[in-house]
Structure formats: C-alpha cells, structure tokens
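Observations on the three-dimensional arrangement
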Amino acid sequence: MQAVQRILLVDDDRPFADAIRRLLAPHVVEATTATAALTMLPGGGYDLAIIDVRMWPIDGLELAADMQRRGLTVPVLLVTGGDAARVRQMADDLLLRNVSDVLAKPVNRVDLEAAVAHAVVSSVSERITRRALAIAVAPPRPRWP
C-alpha cells in the first residue's frame, strides 16, 4: 500500500468503519454520509473511495454515479453486506466505470489490501493511457524555421 496516501471511507456502520480504519491506518479519512463525502471529495487528493452500498438517504451506487457525473476520477471500491456479485452487476448495468471492485462484508485484510492495490494501480494505468491518447490525437504544433 505504498502508493496509497489518502482513502475516503464512506460508511454509516461504525463497527465496520472502525475495523477498516484500523486495517488501513493511517491512510483513512471518514465520512458517514454520501452528502458529506461529496463535499470532501473535490480537491481532497484521495487515491481511493471505499463506499458502503447500503446507506441512507443516498446509497453507495448513487454516490458512485454522482461522482462519475461530476467528473471525479477517484476509483471506488464498493462494500456490501449483501450479494457482492449482484452489486457488481448493478454497477456494470449503470455503466459505473469508476467502480474497481465490490467486496462482501465482512472483509478480510488480504482481500481488502489486494482490492485497494488493484484499484489504485488500475486508476494510474487508466490516467496514463488517457494522457497518451490525448497526446497521440493532438494536432501537431507548428514548426518555426
């Protein structure tokens, strides 16, 4: 987890949030609601957002969709007490490109660290690819004699 500096954890379940904070310390900043997360994300310098699916009044899928609509490029790792495969399918159906993975609660340290590493590496790789494509399709600069 060397590349990860700041993780935004969005979960209203205190015991779970406390456990995640202990596993990923000292990198975690917490928000207990999606609304709070949306105020913290812009300019927050987060490498990853770990978001619980079941929150009220805005759930984790809605938050991930809102982040994508706002152009926030923070990768998302969803966690759920329900069926992770079903949540993954819902994220795919909603075309949520920012969702890196979905983990089922309870989350063990090995799976969590692997998912965090994958999300961050994938995000960096995607940014490099986008930058390379932008350069490749940019009009040539005029050359002066």
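Residues numbered from 1 in each chain as written. Predicted model: local features only at pLDDT ≥ 70, side-chain atom pairs only at ≥ 80, totals over all residues. Heavy atoms only, no water.

1. Notes on the overall build of the protein chain
Formally: Helix and strand assignments come from DSSP, with helices taken as H or I runs of at least 4 residues and strands as E runs of at least 2, each series counted from the N terminus. For every residue, the accessible area (1.4 Å probe, protein chains only) is compared with the maximum for its type, and the residue is labelled buried under 20%, exposed over 50%, or partly exposed between those bounds. Residues are treated as being in contact if the distance between any of their heavy atoms lies within 4.5 Å. Per-residue and other accessible areas were derived by the Shrake-Rupley procedure at a 1.4 Å probe size, with only the shown protein chains allowed to occlude residues.
For the protein chain, the count of helices and strands is five helices and five strands. Traced from its N-terminal end to its C-terminal end, the protein chain shows the element sequence β-α-β-α-β-α-β-α-β-α. Counting across all 145 residues of the protein chain, residues that qualify as buried make up 40%. Relative to all contacts within the protein chain whose residues are 6 or more apart in sequence, the contacts with residues 24 or more apart total 63%. Within the structure as shown, the protein chain displays about 8,600 Å² of accessible surface, and the carbon and sulfur contribution to it stands at 58%.

2. A closer look at the packing of aromatic side chains
Definition in use: Pairing of aromatic side chains requires ring centres within 6.5 Å, counting the rings of Phe and Tyr and the six-membered ring of Trp. Pairs whose planes differ by under 30 degrees are stacked, by over 60 edge-to-face, and all others tilted. Whether a charge lies above a ring is judged from NZ of Lys or CZ of Arg, which has to be within 6 Å of the ring centre and within 35 degrees of the ring normal.
The full count for this structure, using the stated rule, is zero aromatic pairs. Positioned above the aromatic ring of Phe-16, the side-chain terminus of Lys-105 is 4.3 Å from the ring centre.

3. Remarks on the pairing of strand S5 (residues 99-104)
Counted only if it meets this: Whether two strands pair comes down to DSSP finding at least two bridges between them. With the strands aimed away from the viewer, a crossover counts as right-handed if its path from the first strand over the helix to the second runs clockwise.
The sheet contact formed by strand S4 (residues 76-80) and S5 spans five bridges and is parallel. Its bridge partner being in S5, Val-76 is matched across the sheet by Val-99. For the crossover that starts at S4, traverses helix H4 (residues 84-93) and ends in the parallel S5, the hand is right-handed.

4. Let's talk about the confidence of the model for the protein chain
Stated precisely, the cut-off is as follows: You can read pLDDT as the predictor saying how much it trusts each residue, on a scale of 0 to 100.
A residue-level look at the protein chain finds 83% of positions with pLDDT of 70 or above and a mean pLDDT of 87. Mean pLDDT across the secondary structure elements of the protein chain bottoms out at helix H5 (residues 109-137), with 71, and peaks at strand S1 (residues 7-10), with 97.

5. Describing the sheet that holds S5
Quick note on the threshold: In this analysis, axes come from line fits to C-alpha atoms, helices being fitted only over the stretch in contact, and the angle between any two N-to-C directions falls in the range 0 to 180 degrees.
What the five strands build is an open sheet, ordered S2-S1-S3-S4-S5; its pairing is parallel. Two strands bound the open sheet, and with one partner strand each, they are strand S2 (28-31) and S5. When the angles between neighbouring strand axes are averaged without regard to direction, this sheet yields 20°. Where strand S3 (residues 48-52) and S4 come together, four bridges link them in parallel fashion.

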